[in-house]
Amino acid sequence: MGNCCSDDAGGRSAVGGATTSHGNQTDAANDAVDVFLKHRGYNGLFTRIELSLSASHLRDRDVLSKSDPMAVVYTKGRDGALEELGRTEVVLNSLNPVWITKLTITYHFEVVQTLVFRLYDVDTQFHNVEVKLLKLDEQQFLGEATCALSQIITKSDKSLTLDLVSREESSSSTHHRNLGELTIRAEESISSKTITEIIFRCSDLEYKDLFSRSDPFLVISKTVESRIPIPVCKTEVIKNDFKPIWKPVYLNLQQVGSKDNPLLIECFNFNSNGKHDLVGKVEKSLGDLEKLHSSGQGENLYLPTAVGNNHHNKILKSQLFVDKFLESVQHTFMDYLAGGCELNFMVAIDFTASNGNPRLPDSLHYIDPSGRPNAYQRAILEVGEVLQFYDSDKRFPAWGFGARPIDGPVSHCFNLNGSSNYCEVEGIQGIMTAYTSALFNVSLAGPTLFGPVITNAALIASHSLTNDQQKYFVLLIITDGVITDLQETKEALVKASDLPLSILIVGVGGADFKEMEVLDADKGEKLESSTGRVVSRDIVQFIPFRDVQGGEISVVQSLLAELPTQFLTYMRSRNIHPKL
């Protein structure tokens with residue numbers, strides 16, 4: 001899973017995203033580079049999936065022969081709109097077709113990708129027409145099926161069989177007529193697993209800063225047919241150095257395309273205003289970079305220059321070297337899923353008094369009679385709908401904190417379902433029901449403490465280790481305020497960083513969450529306990545809900561995008577292999 005990163009420990013253990021060093025200035029510089037790249041089209045992690053289709057027991061629509069079926073696959077947006085992904089070939093005279101054409105889709109962990117499959121009997125008069133030109137309303141409809149891509153890839157054999165139904169029946173839960181079955185098989189592209197580790201070095205970089213040496217970083221881009229470079233990788237920023245040696249970058253062969261495809265490697269001097277100076281660039285394929293490494297020679301950077309109408313490249317004294325070039329095939333996120341590894345979802349909800357009286361419309365906990373979800377409900381639904389596919393029993397631990405149960409003291413970790421014996425609820429709807437019920441059975445209080453719920457989640461994660469289970473746990477904490485047990489929370493997070501656990505924190509409401517960002521190592525220095533012990537890896541993602549609501553990037557995508565990387569970092573750093 002993933003494409004590229006520039007951190008030795010994190011990079012070797014998890015391909016994807018650049019993990020920065022944690023000095024304040026350097027960290028800020030690397031955050032700024034992330035923004036710079038996103039403006040240029042950098043998209044982060046993904047993997048390519050090939051779908052193979054077959055069907056059985058189709059209904060016969062032809063009078064003198066069997067049907068001639070073709071499958072059309074669509075992706076379904078959140079608004080219900082369908083976008084055609086592709087079509088298979090037409091299989092002649094068959095009620096049990098096995099299509100040869102494979103359809104390719106980009107798998108994104110952080111969203112629910114709904115697929116719609118529609119089968120048609122292609123009339124004889126259209127057999128010589130190219131399938132992409134066929135008008136579907138002129139063909140006989142055989143049936144359709146719908147599923148999420150996650151449902152296919154979480155199966156041990158990456159195969160899912162669905163009943164085919166009519167269009168009218170697909171939207172109803174009533175008894176369906178038997179129109180046959182459709183089987184979908186998913187296969188991860190081998191190029192998604194082929195990783196190239198490269199260490200770049202430069203010499204004699206030109207001074208771009210007035211009173212100091214340059215602050216260089218590299219951006220590696222692939223060049224598409226339009227000649228517009230698309231960034232696929234970056235290094236970290238190195239401060240005040242004209243002979244930088246960057247940490248390893250890890251390129252996914254799939255994003256590059258092939259070893260012969262040209263790559264644009266640009267060296268920039270970092271500027272805090274976002275206007276980074278181009279120091280120089282070279283254009284080389286992976287094959288060329290491998291040859292540079294073998295020869296030990298450097299390649300001169302150049303700068304495009306223009307004198308009047310004449311354009312030429314100015315060759316610079318600065319050189320780019322490849323100190324390491326190593327290709328390998330690594331286990332991917334999907335390999336672990338195929339081996340039976342699960343992601344187990346847990347949730348903890350803030351019931352402190354600062355949320356406001358739940359019976360009043362201005363409360364963050366207000367349950368709108370119209371059914372419009374509040375911020376807490378939205379966060380539960382949006383994160384839960386993605387993660388539920390990776391948890392086979394769909395029994396989710398759910399807690400509340402910062403409230404006083406009936407006739408009891410304030411509790412900083414109580415079971416949301418009201419039970420004193422067990423904390424699990426059935427499905428996402430079970431969380432929603434328990435949450436609503438709890439609002440009428442507890443008194444909102446305070447203060448806001450995270451330590452107890454993190455400790456409880458860590459205890460569950462540690463039990464999976466003693467039972468030798470391949471499980472990874474994801475705790476969602478939703479809160480409206482700044483925590484008051486910061487040091488205790490740091491202690492709990494440092495301990496939890498050695499466990500198969502990630503923590504997603506959503507801040508709701510209008511509070512100033514600046515202090516919360518210290519828990520997210522992407523936005524500050526690494527967490528440290530009172531004894532000086534540092535977190536072994538970054539396990540926390542924090543985001544204020546209001547930053548993304550109504551925008552193009554959903555809170556789910558913002559929170560969940562790094563989960564596969566955190567998962568792989570844990571598994572690979574502990575040499576845990578998928579049970580394939």
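Calculation criteria
- Residues numbered from 1 in each chain as written.
- Predicted model: local features only at pLDDT ≥ 70, side-chain atom pairs only at ≥ 80, totals over all residues.
- Heavy atoms only, no water.
- Pairing = 2+ DSSP bridges.
- Helix = DSSP H or I, 4+ residues; strand = E, 2+ residues; numbered from the N terminus.
- Axes fitted to C-alpha atoms, helices over the stretch in contact; angles between N-to-C directions.
- Buried < 20%, exposed > 50% of the residue type's maximum accessible area, 1.4 Å probe, protein only.
- Phe/Tyr/Trp six-rings, centres within 6.5 Å; stacked < 30°, edge-to-face > 60°.
- Lys NZ or Arg CZ within 6 Å of the ring centre and 35° of its normal.
- Contact = heavy atoms within 4.5 Å.
- Parallel < 35°, antiparallel > 145°, perpendicular 65-115°, else oblique.
- Left-handed = near helix turned anticlockwise from the far one by under 90°.
- Nonpolar A, V, L, I, M, F, W, Y, C, P; charged D, E, K, R; others polar.
- Salt bridge = Lys/Arg side-chain N within 4 Å of Asp/Glu carboxyl O.
- Core = buried A, V, L, I, M, F, W, Y, C linked by side-chain atoms within 4.5 Å.
- Right-handed = clockwise from strand over helix to strand, strands pointing away.

**Student:** Describe the sheet that holds strand β2 (residues 69-76), and please don't skip the residues or the numbers.
**Tutor:** Here we have four strands laid out as an open sheet, ordered β3-β2-β5-β6, and antiparallel in their pairing. Only two strands of the sheet have a single partner each, and these edge strands are β3 (82-87) and β6 (140-148). Pairwise comparison of adjacent strand axes, ignoring direction, gives a mean angle of 25° for this sheet. Alignment of β2 against β3, held across five bridges, turns out to be antiparallel. The residue of β3 that forms the bridge with lysine 76 is leucine 82.

**Student:** I'd like to hear about the side chain of serine 419, residue by residue, with values.
**Tutor:** Structurally, serine 419 can be placed in the loop between β20 (414-415) and β21 (424-426). Overall, the relative accessible area of 18% leaves serine 419 in the buried class.

**Student:** Tell me about the packing of aromatic side chains, and please be specific about residues and values.
**Tutor:** Following the criterion strictly, the structure yields 15 aromatic pairs and no others. Measuring from ring centre to ring centre gives 5.4 Å for tyrosine 336 and phenylalanine 567, while their planes differ by 85°; the resulting arrangement is edge-to-face. In this pair, tyrosine 336 is assigned in helix α7 (residues 333-338) and phenylalanine 567 in helix α13 (residues 563-573), connecting sequence segments 231 residues apart. Here the two residues tyrosine 336 and phenylalanine 567 agree in accessibility, since each one is buried. Aromatic ring contacts, followed pair by pair, group Phe109, Phe333, Tyr336, Tyr390, Tyr472, Phe567 and Tyr570 into a single cluster. The ring of tyrosine 74 carries arginine 118 above its face, with NZ or CZ at 5.5 Å from the centroid. Residue placement shows arginine 201 over the ring face of phenylalanine 321; its charged tip is 4.1 Å from the ring centre.

**Student:** I'd like to hear about the side chain of serine 159, residue by residue, with values.
**Tutor:** Its place among the elements puts serine 159 in strand β7 (residues 159-163). Filtering out sequence-adjacent residues up to four positions away, serine 159 remains in contact with Ile152, Thr183, Ile184 and Arg185.

**Student:** Break down the packing of helix α10 (residues 451-466) against helix α11 (residues 486-496) for me, citing the residues and quoting the values.
**Tutor:** It is at 9 Å that the axes of α10 and α11 come closest, and there the two elements cross at 15°. Regarding the angle of α10 to α11, the classification is roughly parallel. Along this stretch, α10 crosses α11, giving a crossing that reads as left-handed. Two secondary-structure elements touch here, α10 through Gly451, Ile454, Thr455 and Ala458 and α11 through Thr489, Ala492, Leu493 and Ala496. Broken down by class, the residue content of the contact of α10 with α11 amounts to five nonpolar, three polar and no charged.

**Student:** Quick one: what's the story with the sheet that holds strand β8 (residues 181-188), residue by residue and with numbers?
**Tutor:** Strand pairing in a sheet relies on backbone hydrogen bonds, with the paired strands running either antiparallel or parallel. What the four strands build is an open sheet, ordered β4-β1-β8-β7; its pairing is antiparallel. The sheet is open, and its two edges are formed by β4 (103-107) and β7, each paired on a single side. Across the sheet, the axes of successive neighbouring strands diverge by a mean angle of 30°, strand direction being ignored. Relative to β8, strand β1 (residues 47-56) runs antiparallel, the two being bridged by eight bridges. By the bridge assignment, serine 54 is partnered in β8 with threonine 183.

**Student:** Go over the pattern of salt bridges with me, naming the residues and quoting the values.
**Tutor:** Taken as a whole, this structure holds 14 salt bridges when the rule is applied. Among the salt bridges present, the one from lysine 132 reaches glutamate 130, with a minimum N-O distance of 3.7 Å. The class for lysine 132 is exposed, based on a relative accessible area of 59%.

**Student:** So what about the nonpolar core? Which residues, and what values?
**Tutor:** As a rule of thumb, nonpolar side chains are buried together in soluble globular proteins. Membership of the largest hydrophobic core comes to 81 residues, with the highest contact counts inside it found for Leu182 and Phe351. If you look at the next biggest cluster of nonpolar residues, it comprises 31 residues, including Phe450, Phe473, Ile503 and Phe542.

**Student:** Describe the pairing of strand β18 (residues 395-401), naming the residues involved and giving the relevant values.
**Tutor:** With six of seven residues buried, β18 is to be regarded as a mostly interior element. In this fold, the crossover linking strand β17 (residues 342-350) to β18 by way of helix α8 (residues 375-387) has right-handed handedness. Pairing between β18 and β21: three bridges, direction antiparallel. Along β21, the bridge assignment pairs arginine 395 with glutamate 426. When β18 meets β20, the two strands line up antiparallel, connected through two bridges. Paired with glycine 400 across the two strands is phenylalanine 414, which belongs to β20.

So far we have only geometry, and geometry alone does not tell us how the molecule works.
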